[in-house]
Structure formats: structure tokens, C-alpha cells
Amino acid sequence: MSNSTALALSLFSLTPALLAQGSAGAPAASPQELLRQWRGTHGEAWRTHINPLTGTIELLFGGNAAPSFEPDTSVDSDWFRLAQEWIAATEPMHGVPLDELVADRVFFLPLAQGNTTDKITVRFRQVVQGIPVEGGSINTLFDLSGRLLALQATAAPSIEDPSPRPSFDAGFATLVAREDFRSFVGSEPNHYGAASLLFAHVDDQEVRRWTLAWQVDAQWIEAGAEPRGYTYTIDARTRRVLRRETSVHALDVFGTVRTMATPGAEADHPGNPPTAQPVPYVRVTSSAGTTFTDANGDFTIPGVNAPLDVTIDYTGTFANVFNQAGASYSVTFNGLQPNQPNSLLMNPAAGPLTNSEANAFLWVNRQRDWIRSVFPNDTTADFSSNSLVNLSNNCNAFFTGSTTQYYSASSGCYSSSFSSVVAHEMGHWLNVLYGTGNGADGMGEGNADIFSVYMLDEPLIAANFYTNGTSIRDANNQRQFCGDTNPACHGGVHDNGEVWMGAAWKVRQRLNQTLGNALGDLQSSLLFLGWMNSYDQTTIRSVIESQWLTLDDNDGNINNGTPNYNEIDSGFRQQGFPGFGLQFVQFSNVTRLPSTTDQAGPYGIQADLSATINPPLQSATLRYRVSGGPEQRVPMTWLGGTTYSAAIPGQPAPASVEYLIEGTDNLGALGAFPSNDLAQSYSFAVGQVNTIAHFDFEAAAAEWIPTGLTASTGRWVQGDPVGTAAQPEDDHTPAPGVKCWFTGQGLPGGGVGANDVDGGETTLRSPRFDLSGTLLGQISYWRWFSNTQGTSPGEDTLRVEVSNNDGMTWQTVEQVDPTGPEANGGWYRHEFMVNSFVTPTASMRLRFVASDLGGDSVVEAAIDDLTIAAIDSIVAPPSTYCTTTPNSTGNTGLIIFTGSQSVFRNAAVLRGERLPASSAGLFFFGSQQAQQSIPGSAGVLCIGGTTYRLPVISTDSLFGAAYYALNFTDPNTTARFIAPGSTWNFQFWHRDSVGGAATSNTSNAVSVEFGL
């Protein structure tokens, strides 16, 4: 199987069923919805990471998807075709069409040398109208049967202006670079690289865009001075310098400095003198021809039967070394005898200048051989490199983009041309060739360090480099990862790189502890070089652990762990990475009970549970509590397969029930769904749900106030969101309305981070609402939260808070962290029982707080369809009865009961209608019903049994209506006799006049059952 294959996409054809619907450049739906759809077809094990700068899915991983055909492992075209099919099927996720992709290579990963399974990675490069896209690639990872294991997309989902025509040529671009270099450095560059066109990425306000640009290298290198070099990216239309990035990657002796030497891992100091070592791949010239030594330093010049003179210098197949302090070393050996061994020692005097040449030559070749020893088919290091040694400056080494260069010994340090320094600087070169690059966040430095510490199996970078015995860096450092939004938090690139180098070393240490030194070294090297070959990861982010675990996985389900999960995860966690949480118990088809008026119960719940890592499942438990009371636990009954059931007994209304499902695997590991906290889990109400207020936010909602704004952008607004990968396109109920509250309205077609929450918090506060007298208050809402980059829990979040004292104090109801399952967009319904957090009062408020605490994450939030309700007792609705006679208006008087039938809520109102205006009267009530005439009155008495009168009132002067609010707590009215569980009958009696004669009349009657 080849390393690199140029293969035209037109060789392959795709069936229409494989082509996903949706236009290039933007996802057809939110990343969360796209993942939901993918899981529906390919299984629940799949996960995603979102590209923080485009809002598209950059890594799809965690599960496995069956191929459409069985590929031949020895035929590259099969794997290119298979990769094409999945790239097309996932186009809505990454937004890159097939016609912009060029097949690059198929690479076999012999990971089974360790303790996992072999895999195959396929890479496509992005080229738009003949111009390459900077960092543009799509990598797919397969097992040998062709199952898709992962897809990584770093390509451009859209390019604003894809025209390939610049407004000026390469020569002018070089002039622009020269002028900027002179202004910035103060010197004229004396080395230039050829200018090339590309679509360069530009990161602006947390959004990445691509534009046509020239890229030019300019450097100033003089003996005795620190070199300066920069790669210029120049807008090919506006001539503006988009980026100036250093192209000279020095050893950096000014940070936390450590190093290694040679022979072995130490510098060329008096305590570590040079020893005779084989010289591999070096050129041997003679009058009989030229040959090269093999890996062991052996060579043969065939057909020679007489003594022969040969000349050797530090020039070879993979390394060419030049001495900057004088003539490069060369030695001639006279009279080599044919047909017998000849032992040649190139530099027997072993002077420091010549020793530097030897060291550079040896370690470039050894690094190449180390890569080949791990992956025999990896030809990335099979090129001829140039090394310059013995530069006259102090304590440094650097990579320029086309050479590695090393300083001679000085008063404070030894020569930098030795093992770990050579491995580090060549690591920078390999970063470019593999596609990881040497980014400004420290990725390039950390990666270059890993080449050194893994190859030498030594944590020190440049051990004993300084004459005082100190080194440059140490992989045993405890420099902590600062989160995906702030990877460059430690200052310089070398300090930042220590985070990644340290994590990789911790993984290696743990693998050695578990597997033994030999297999642990091999496994860590397999993972590192497998990762370099399978992904183009240019920044230090938590996604790296997901990529390593996917390579380590052996069954196509990352959620149940990998052969070396504990070692990998603990290594990353020790360096401050958030880790990768396993699902010890997988849940699906969990019953979500709605609110009910059924008090008898039971309330049946079913769920499918399975142990993913340590099967079989040992137990399943239903956990619940009623109205904030003590937690109850009910063992679930196995129904067969993975299905379990249990029931919550009936509850008298009003009641709130919160519940979750818990499972235990064979080793006692627990899993819970939907949360391990009952307050954050499923809930339902038993009782009559009476809506107090509902907000769909379609009409003006001035009483909802954006407040507490400390963020520089992203204030809450009410309206129709325009939609980005981080922001909803529609409100929760797009028909008939379109509005909701959301953060950061951008512009149509704007970027993912346009006007998002930045640099602080923005708060949306509700109007005051009254839940006084409410036994149980329930609030439900739909929310949207997106954090496309993620930070540590508790940082960039959405908080929901409730207050029962008009906002004097607040209680957190829920906090949506960026690492949570609902942090990638999508509308989610949540509800909570107010009583679980505060005592309901007449001065209730809610607030929603979206935060971005100064990081580079793209934070967006939205709220819609919020309902405030009281859960009351379940009682029969009021019913009218009894027939009476018309009054002087010609109508029959009516009585209506409104408000709540809950005595505790104390919100009941009696209303009389179709009555004479300005007429005195009163409401009265009794325990029984009747229908009999009233002597001296035109009315009919409909009340019997124990009877009570309420105060005299008057009907109004315009409509002849009467109102009376029952107050069950007032000791001065007869309403105090009404108790929960009782039924009373109400009627209105009033004065009237018929034909000028004074009389009275009555309304009909209403029977009301009262609850708690």
C-alpha cells in the first residue's frame, strides 16, 4: 500500500443515496441535530468535536459504520473510493464538496504491533480552482474490514471569493515581504523562498475565513548573530500582510531550559566523551564508484581486486552536514584491502568541531530509522536534509524551513549538535511534512519535543547542555492545560508546548507501568506516529485525546473504553486536560412520563440498559423523590434482552415527582440517566396544571429586561435569529411565530462568532410573577446553548437562576457547561419544580446568564416558550345547576366560579352576571343542593344544609356584574369554613324591582369541589 497516491476523483463514482442533501459551505442543520441523525443510522456510540472557528463538525468519532463494499487492503483505489463515500455522506457536517478534494494518500497503520488493531487512514487535500487551501484536508480512519472509525475535517467549508486570480504577481509579493521585514527587523533579508499562491485562513473575532494570498519566506542569516526569518502571508487582492509568522524555530534557551547529549542523551561535555559509533547511510567515494553504507555502517564496493583509496565526508542518503566554522570534514583512507574487513574511523582525533558534524549526521539518520522501526512503511523522513553546524553564536539551534542549524560550544554551554537537540529541530521539519505544522500556540514545539523524548526514551530535552549541568526542558513538568479557548496561556511557544509534550510523556510512562518498558515504548510510539499520519491537528486542544483513543480502540466503540484507555486518559488528565469520560452503562428508550391527573398510579417506567465496558449489567435501579422529599430507590425488573422496568406508586395531588435511572456494571461502576442529580433529571406533576403565565416572545416583551451586561458583545435581544452554526435559525416554534430571546444578533451570512458573547456575562431577567400560596410551582422552558470551543466546566456557561425575593438573592437551577451533552446547539426542553430550590412567593423572578470569561470560545444562547404553572389538587370542575326566573333585565342571573379551586393558593373568585345594575346583593353557600321557591321573592333557593352568607356587595352600574374574592384565610369572613376536600354550592341573591314593586331574585347555582 502506497504512502502517497495522486488519484483523480473522476475515477470513482458515487451512488445518489450516498450524497447527503445540503449546500456546501454551511451545515443543513445544527451540529447537534446532524449528530442525532447520524446516530439514528449508525448507532449511539458516535461523538463529535466542533471546529471552534467555523462551527462545523471537525471530528466525527466514537463508533463504527459499515462500508458499502468490502475493500481490498492492497488496493489503494478501494480505500479512496470508500473515503469519498463517507466524505460525501458527511458533507452537511463539514460543508466541503467532493469536487474540491484531491486524493493524497492511503496509509497502513500497523498498530497491532502493540496491543490494539491495525487501521488504515486516507487523506484528501482541498484544492479550489487549482489553488491549495491552507490546512485544508479531510482524513478518514478505517479498520481493515472497511468500517469507518473517524473522520477529521480541517478544510474550508466556504471561501468568500474563490477566484484564483491575484491582483499582483509573485515578484511584487516578495517586495511587500521585504519591506515589512526591513521595517520589523531593521535588516534587509538575504534569503527568500519562492512565492506561492494559496487560500490562506484568517482568524478574525473567533471566526475563520479564507482568502487568496501569496506566501513568501524571508530570512536574514549572518554568522555570529541570531537568525531572523518569517513566513509572510499577503492578501493577493489588497496587498495587506495578513500574517507574519516566524520561520526560524530555535531551541530557545531563554525559557525553562533543559536538553540532552550524545553519545546517548547527554551533550558533548568532558564527562561524556565521544565514542566510536557506526555511521549509517554515508557516502563512500572511490575510483571504482560511489556507494553508501547501510544502517549498520557497512558498505561494499563490488568488483575490486586491488587496494583502493576511498573518501568519506558527512554526506549521505538522508543527511548532509556542513561546517560553518571552516571546511566540512572529509577523510581519505588509502589502500583498503580487497576481500577482507576494513575498519575505518573517520575522525580519530574527535575534535569538537568535527564531532558536531558527526553528531548531526548520526542523529538525523537515527531519527529516520526510529520512524521506520515503528512504522516500516512510513517514508516521511526519507528525504535528504541539510544541517549546518558550528555556527558562531551562543547556546542555540534552530530550524529555518529548509535547514537545521546548530551552534558551537561557548562559555555557557556545549555544542548544540547532539542527540536530543537534533531530534527536536528535525522534529520541526517533520511537523511540516506530516501536516501538524509549527503553530504559534506551542503545538510545533511540543511535538518536536515528543520526537526527541520518544526516540531517546529520555524526558530531558538537551540534558547537561549548559556547563553548569542544567538542561532545557523536562517532560516530567506539571505545566497545566488551560482549556481549548486559551491554549497559549503560559507565555512563549516553548512553555506552551510543554503542556502537550508533558501529556504525551505521561501517557508513555503509564503504558510502561502497565505493559512493561519495551511494549509500553512501542505502544506510545505507535500512537504518536499513528496520530501524526492520521490527523492534521495544528493546535493543542482536548480533541487530541479523542484522536489517540480512536487509534487505540479495537472494537469500533470508543465509549466502552480502549485497550489502553486508563493509561491514555490518566496521562492527559495529569497534564490538566479534561479527560474523556466513558459510558460504563448505556441507556436508551427511557420512559419520560408526562404530568398527569391520575392519582391512583402506578406510574410505569421502562428503559434499556447495557454495561459497555464491564458486562454484564449487575443491577438497574429507579431513583425518585416526591415533592422534594427523601429519595426512594426501587430495583428494576429484567424483562428480557436489555429492557428493565419499575414503577412509582400513585401519589395524591398535588405532587411533583423527579426520577432517574441508575445502572451498575460487573465491576461496580455506576451510570445514571439523564443525570445523577434528581433536581436535574426527569420530572412530572401529579395534579391539575394551571398556567399562571406563558411567554412565546412573539409580541413585545418590555418586562423582560437584558441586564447585568459585563460582556463586551452579545447582549440579549428579542427577535428572529439569523442563524449560524452556533445560533438558531428559527425560534423553538417557527410557525406561526419566529421570535425568541437570544444573544448576539449577527448579520445574514455572517460568521459563526459574529457578535457572540465575549469578555464577560450578559443576563436576561424576567418580570416579577406571583406564586404565593402555590403548593407546587413548575417552570418549563426551551433553551439553546452553544459553545463551539469549550472550556473547563464552570467557565463559559449558561446559568438558569430563580429568586423568590425580587432578585435580592438567586439560586442556581441549572448550569450548562461547555463540556456537557447539550452544549453544541439545538433546542432542549427543561423544567423544574420551584419548591426544590426556593419557597414560592409573590415576588418571583427568573434570569438566564450567558458567559464568556475572556476566552476565545463562541458562546450563543437562546430562550423560548417559557411557561409558569401551579400544580393544584385534582378536583372536578365547577358545575352549574338549578333553574330560576328572569330578573328585571329580562335575563336569568348567572353565577360563575373562576380562579383556583386550591384552598392553599387562595385565588378563587365568584362572579355574577346578567343582573340589575347598582343593585345590592350577596353571595351565599351551603353544604347541600335544593330547588324551592322563596316566599316574597321572585327567586328560587338552590342551596340547602349548612348555609353561610358572604358580605353584602353591589352590582356595578354599567354591566350589572358582581364580584367577590373568596379569602379562605380571613377569620372575619365565612369563607374560612371552606376546607380542602369539601364541596360547597354557591348562589347570588339580589334586590330587584318588577313593575315598580320591590322584590328580590336569585341567580342559578354552582357546585365547587375544593382541593388542597
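Above: the structure in question.
The structure contained in this document is the topic of the report that follows. (Residues numbered from 1 in each chain as written. Predicted model: local features only at pLDDT ≥ 70, side-chain atom pairs only at ≥ 80, totals over all residues. Heavy atoms only, no water.)

As for the overall build of the chain
Okay, so step 1: Summing up its helical and strand segments, the chain has eleven helices and 50 strands in all.
Okay, so step 2: Viewed in the frame of its principal axes, the chain has a C-alpha envelope of about 150 × 65 × 60 Å.
Okay, so step 3: Across the 1012 residues in the chain, those meeting the buried criterion constitute 56%.
Okay, so step 4: Restricting to contacts in the chain with at least 6 residues of sequence separation, those with at least 24 account for 69%.
Okay, so step 5: Accessible area of the chain: about 38,400 Å², with a carbon and sulfur share of 51%.
Okay, so step 6: The average position of the 51 basic charges and that of the 95 acidic charges among the side chains of the chain differ by 6 Å. (Helix = DSSP H or I, 4+ residues; strand = E, 2+ residues; numbered from the N terminus. Buried < 20%, exposed > 50% of the residue type's maximum accessible area, 1.4 Å probe, protein only. Contact = heavy atoms within 4.5 Å. Areas by Shrake-Rupley, 256 points an atom, 1.4 Å probe, with all protein chains shown as cover. Lys, Arg positive; Asp, Glu negative; His and termini not counted. Charge placed at Lys NZ, Arg CZ, Asp CG, Glu CD.)

A short note on unusual backbone geometry
Okay, so step 1: The residue after glycine 601, namely proline 602, is reached through a cis peptide bond having omega -10°.
Okay, so step 2: In this structure, proline 602 sits in the loop between β23 (585-588) and β24 (603-611).
Okay, so step 3: Omega for the peptide link from phenylalanine 673 to proline 674 comes to 0°, which places this bond in the cis form.
Okay, so step 4: With respect to the secondary-structure elements, proline 674 resides in the loop between β30 (670-673) and β31 (682-686).
Okay, so step 5: Of note in the backbone geometry, alanine 462 takes a positive phi value of approximately 65° without being a glycine.
Okay, so step 6: If you trace the backbone, alanine 462 turns up in the loop between β21 (460-461) and β22 (473-474).

Structural notes on helix α9 (residues 517-534)
Okay, so step 1: For α9, spanning 18 residues, the distance from its first C-alpha to its last is 25 Å, which sits close to the expected 26 Å at 1.5 Å a residue.
Okay, so step 2: Buried residues dominate α9, accounting for 14 of its 18 residues. (Expected span 1.5 Å × (residues − 1).)

Things to note about the nonpolar core
Okay, so step 1: The biggest cluster of nonpolar side chains holds 92 residues, and the ones touching the most others in it are Trp370, Phe451, Trp500, Phe528, Leu529, Trp531 and Trp548.
Okay, so step 2: Take this core: its biggest share by element is nine residues, from helix α5 (residues 352-374).
Okay, so step 3: With sequence-adjacent residues up to four places away left out, tryptophan 370 is seen in contact with Phe451, Tyr454, Met455, Ser525, Phe528 and Leu529.
Okay, so step 4: One finds Val802, Phe832, Met844 and Ala850 within the second-largest nonpolar core, a separate group that totals 32 residues. (Core = buried A, V, L, I, M, F, W, Y, C linked by side-chain atoms within 4.5 Å.)

Notes on the state of the cysteines
Okay, so step 1: Enumeration according to the criterion identifies three disulfides in this entry.
Okay, so step 2: Each sulfur in the disulfide pair cysteine 482 and cysteine 489 lies 1.9 Å from the other. The chirality of the disulfide connecting cysteine 482 with cysteine 489 is right-handed, given an S-S dihedral of about 70°.
Okay, so step 3: Bonded cysteines in the chain are paired 1-2, 3-4, 5-6 when counted in the order they occur along the chain. (Disulfide = S-S within 2.5 Å.)

Here's the deal with the sheet that holds strand β27 (residues 637-640)
Okay, so step 1: Across the sheet, which stays open at both edges, the four strands sit in the order β23-β24-β28-β27 with antiparallel pairing between neighbours. Each end of this open sheet is capped by a strand with a single partner; those strands are β23 and β27. The average undirected angle you get between the axes of adjacent strands in this sheet is 40°. (Pairing = 2+ DSSP bridges. Axes fitted to C-alpha atoms, helices over the stretch in contact; angles between N-to-C directions.)

Here's the deal with the packing of helix α10 (residues 543-552) against helix α11 (residues 565-574)
Okay, so step 1: Relative orientation of the contacting elements α10 and α11 amounts to 165°, with a least axis distance of 10 Å. Here α10 is positioned roughly antiparallel relative to α11, judged by the angle of their axes. Both α10 and α11 take part in a crossing whose hand is right-handed. Seen from α10, the contacting residues are Ile544, Glu545, Trp548, Leu549 and Asp552; seen from α11, they are Tyr565, Ile568, Asp569 and Phe572.
Okay, so step 2: Here the residues of the contact of α10 with α11 sort into six nonpolar, no polar and three charged. (Parallel < 35°, antiparallel > 145°, perpendicular 65-115°, else oblique. Left-handed = near helix turned anticlockwise from the far one by under 90°. Nonpolar A, V, L, I, M, F, W, Y, C, P; charged D, E, K, R; others polar.)

Brief notes about the pattern of salt bridges
Okay, so step 1: Applying the stated criterion across every chain yields a total of 40 salt bridges.
Okay, so step 2: For the salt bridge of aspartate 104 with arginine 125, the shortest nitrogen-to-oxygen distance reads 3.5 Å. You can see aspartate 104 sitting in strand β3 (residues 101-109) and its partner arginine 125 sitting in strand β4 (residues 119-128), a full 21 residues away along the chain.
Okay, so step 3: On the accessibility criterion, arginine 125 (27% relative accessible area) is partly exposed.
Okay, so step 4: With a shortest N-O distance of 3.1 Å, aspartate 536 and arginine 125 are connected by a salt bridge. Here arginine 125 lies in strand β4 and aspartate 536 lies in the loop between α9 and α10, a separation of 411 residues in the sequence.
Okay, so step 5: Through salt bridges with shared partners, a single network forms among Asp104, Arg123, Arg125 and Asp536. (Salt bridge = Lys/Arg side-chain N within 4 Å of Asp/Glu carboxyl O.)

Thoughts on the packing of α5 against helix α6 (residues 419-434)
Each pair of packed helices can be summarised by the angle the axes make with each other and by the distance between the axes.
Okay, so step 1: α6 packs onto α5 with a crossing angle of 50° between their chain directions and a minimal axis gap of 9 Å. If you check the angle between α5 and α6, you find them oblique. In this structure, α5 meets α6 at a crossing whose hand is right-handed. In this structure, α5 uses Ala360, Trp363, Val364, Gln367 and Ile371 to contact α6, whose residues at the interface are Ser419, Val422, Ala423, Met426, Gly427, Leu430 and Tyr434.
Okay, so step 2: When its residues are assigned to classes, the contact of α5 with α6 shows nine nonpolar, three polar and no charged.

Thoughts on the pairing of β31
Okay, so step 1: Taken across its five residues, β31 has five buried, putting it largely inside the fold.
Okay, so step 2: Of the two faces of β31, the one lined by Tyr682, Phe684 and Val686 and the one lined by Ser683 and Ala685 are each fully buried.
Okay, so step 3: As judged from the five bridges shared by strand β29 (residues 655-664) and β31, these two strands associate in the antiparallel manner. Within the sheet, the bridge partner assigned to tyrosine 659 lies in β31 and is tyrosine 682.

What about empty space enclosed by the protein?
Okay, so step 1: Summed over the entire model, instances satisfying the criterion amount to four cavities of 30 Å³ or more.
Okay, so step 2: The computed volume of the largest cavity comes to approximately 60 Å³.
Okay, so step 3: Phe318, Val364, Gln367, Arg368, Ala381, Phe383, Ser385, Met426 and Leu430 together form the lining of the largest cavity.
Okay, so step 4: When contributions to the lining of the largest cavity are tallied by element, the ones reaching two or more residues are α5 and α6.
Okay, so step 5: With three residues, α5 is the largest single contributor of residues to the lining of the largest cavity.
Okay, so step 6: Along the lines of polarity and charge, the residues of the lining of the largest cavity split into six nonpolar, two polar and one charged. (1 Å grid on protein atoms, 1.4 Å probe; cavity = no way out; pocket = protein on both sides within 12 Å on 5 of 7 lines; lining within 4 Å. Points joined across faces, edges and corners; volume = space filled by probe spheres on them.)

Concerning the environment of glycine 945
Okay, so step 1: For glycine 945, the position within the fold is in strand β47 (residues 940-954).
Okay, so step 2: On the basis of relative accessible area, glycine 945 is assigned to the partly exposed category, the value being 47%.
Okay, so step 3: Considered as a pair, glycine 945 and serine 927 are 18 residues apart in the sequence and their alpha carbons are 5.2 Å apart.
Okay, so step 4: Contact partners of glycine 945, with chain neighbours within four places excluded, come to Ser927 and Gln928.

Some remarks on the sheet that holds strand β48 (residues 962-966)
Okay, so step 1: Here three strands make up an open sheet; going across it, the order is β44-β45-β48 and the pairing antiparallel. Since the sheet does not close on itself, it has two edges, and those belong to β44 (894-899) and β48, each with one partner. Neighbour-to-neighbour, the strand axes of the sheet open up by a mean angle of 20°, direction not taken into account.

Considering the side chain of arginine 799
Okay, so step 1: Tracing the backbone shows arginine 799 in strand β38 (residues 798-803).
Okay, so step 2: Judged by its relative accessible area of 15%, arginine 799 is buried.
Okay, so step 3: One polar contact links arginine 799 to glutamate 801, side chain to side chain, over a distance of 3.1 Å.
Okay, so step 4: The residues contacting arginine 799, other than those within four sequence positions of it, are Glu761, Glu814, Gln815, Arg847, Phe848 and Val849. (Polar contact = N/O pair within 3.5 Å; in protein donor to acceptor, adjacent residues only side chain to side chain.)

So, the environment of tyrosine 644
Okay, so step 1: Among the secondary structure elements, tyrosine 644 is positioned in strand β28 (residues 643-648).
Okay, so step 2: We classify tyrosine 644 as buried; its relative accessible area is 12%.
Okay, so step 3: The spacing of tyrosine 644 and valine 590 is 54 residues in sequence and 9.7 Å in space, taken between C-alpha atoms.
Okay, so step 4: Here tyrosine 644 is in contact with Ile605, Gln606, Ala607, Leu609, Leu617, Ala620, Met636, Thr637, Trp638 and Leu639, once residues within four sequence places are set aside.

Here we look at the packing of aromatic side chains
Okay, so step 1: One pass over the full model with this rule turns up 49 aromatic pairs.
Okay, so step 2: Ring plane angle 65° and centroid distance 5.8 Å describe the contact between tryptophan 38 and tryptophan 86, whose orientation is recorded as edge-to-face. In this pair, tryptophan 38 sits in helix α1 (residues 31-42) while tryptophan 86 sits in helix α2 (residues 76-89), placing the two residues 48 residues apart along the sequence. For the pair tryptophan 38 and tryptophan 86, a shared accessibility class is recorded, and that class is buried.
Okay, so step 3: Aromatic rings pair up to connect Tyr434, Phe451, Tyr454, Phe481, Trp500, Phe528, Trp531, Trp548, Phe572 and Phe577 into one cluster.
Okay, so step 4: Directly above the aromatic system of phenylalanine 184 lies the positively charged group of arginine 244, at a separation of 3.8 Å from the ring centroid.
Okay, so step 5: Positioned above the aromatic ring of tryptophan 363, the side-chain terminus of arginine 366 is 4.7 Å from the ring centre. (Phe/Tyr/Trp six-rings, centres within 6.5 Å; stacked < 30°, edge-to-face > 60°. Lys NZ or Arg CZ within 6 Å of the ring centre and 35° of its normal.)

A short note on helix α8 (residues 493-515)
Okay, so step 1: For α8, with 23 residues, the first-to-last C-alpha span of 33 Å sits near the 33 Å given by 1.5 Å per residue.
Okay, so step 2: A bend of about 25° at valine 499 is the largest found in α8.
Okay, so step 3: Of all 23 residues that make up α8, 18 are buried, and the element is covered over most of its length.
Okay, so step 4: Immediately beyond the C-terminal end of α8, within one or two residues, lies glycine 516, with a positive phi of roughly 95°. (Bend = angle between axes of the 7 residues up to and from the residue.)

In short, geometric facts, not functional conclusions.
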